[in-house]
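Each chain, letter by letter, is given below.
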Amino acid sequence: MKKGMIKLSALYPNTEGSYFDIDYYCNTHTPMVAKFLGDAMKHAAVEEGLSAFDRDSEKPFMAIGHLYFDTLDDMHNAFEPYMEEIMGDIKNYTNVQPYFQISTVKI
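Here goes a summary of the coordinates provided. All values reported here derive from a predicted model rather than from experimental measurement. (Residues numbered from 1 in each chain as written. Predicted model: local features only at pLDDT ≥ 70, side-chain atom pairs only at ≥ 80, totals over all residues. Heavy atoms only, no water.)

1. Focus: a nonpolar patch on the surface
Part 1 of the argument: Among the surface-exposed residues, Met-83, Met-87 and Phe-100 lie close enough to one another that they form a single nonpolar patch of about 250 Å² accessible area.
Part 2 of the argument: Assignment of secondary structure puts Met-83 in helix α3 (residues 83-88).
Part 3 of the argument: On the basis of relative accessibility, which here comes to 37%, the residue Met-83 falls in the partly exposed class. (Patch = residues over 30% accessible without salt bridge, like charges linked within 9 Å, V, L, I, M, F, W, Y side chains within 5 Å. Areas by Shrake-Rupley, 256 points an atom, 1.4 Å probe, with all protein chains shown as cover. Salt bridge = Lys/Arg side-chain N within 4 Å of Asp/Glu carboxyl O. Helix = DSSP H or I, 4+ residues; strand = E, 2+ residues; numbered from the N terminus. Buried < 20%, exposed > 50% of the residue type's maximum accessible area, 1.4 Å probe, protein only.)

2. Re the pairing of strand β3 (residues 61-69)
Part 1 of the argument: Judged by how many residues are buried, β3 sits mostly within the fold: eight of nine residues are covered.
Part 2 of the argument: As defined by bridge partners, strand β1 (residues 6-13) adjoins β3 across eight bridges and the pair is classed as antiparallel. Residue pairing for β3: Tyr-12 is matched across the bridge by Ala-63.
Part 3 of the argument: Where strand β2 (residues 41-48) meets β3, seven bridges bridge the pair, whose relative direction is antiparallel. Counterpart to Ala-45 in the pairing with β3 is His-66. (Pairing = 2+ DSSP bridges.)

3. Quick look at helix α1 (residues 22-37)
Part 1 of the argument: At His-29, α1 shows its largest bend, some 30°, and a proline, Pro-31, comes one to four positions later.
Part 2 of the argument: Of all the residues in α1, the buried ones are Ile-22, Tyr-25, His-29, Thr-30, Val-33 and Leu-37.
Part 3 of the argument: Between the side-chain oxygen at the start of α1 and the backbone nitrogen of Asp-23 there is a gap of 3.2 Å, and the oxygen is on Asp-21.
Part 4 of the argument: In the segment just after α1, Gly-38 is the residue with positive phi, at about 60°. (Bend = angle between axes of the 7 residues up to and from the residue. Polar contact = N/O pair within 3.5 Å; in protein donor to acceptor, adjacent residues only side chain to side chain.)

Okay, here's the thing in structure tokens:
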């Protein structure tokens, strides 16, 4: 990743009774988002949670998705026309509300 890029992360907490369809997220949701965001999105990455650091511990997050952009304005401008469709799709792969964080990539 290029230093100074903007990263939007969606973190899906692992809570009692929660579920996450990683196949849907990887094969349907993320490609849909990529199509909507077009060239503004430079890269996407999806992580599936395994555990916390301690051996055999419960994973704190079921999955984490990352989207990368050159600038914060690029990210916001790309999302604005499609926010309703993107957020409306969440119910198709999970029953938890994700945490969102926008970060600047430093290394």
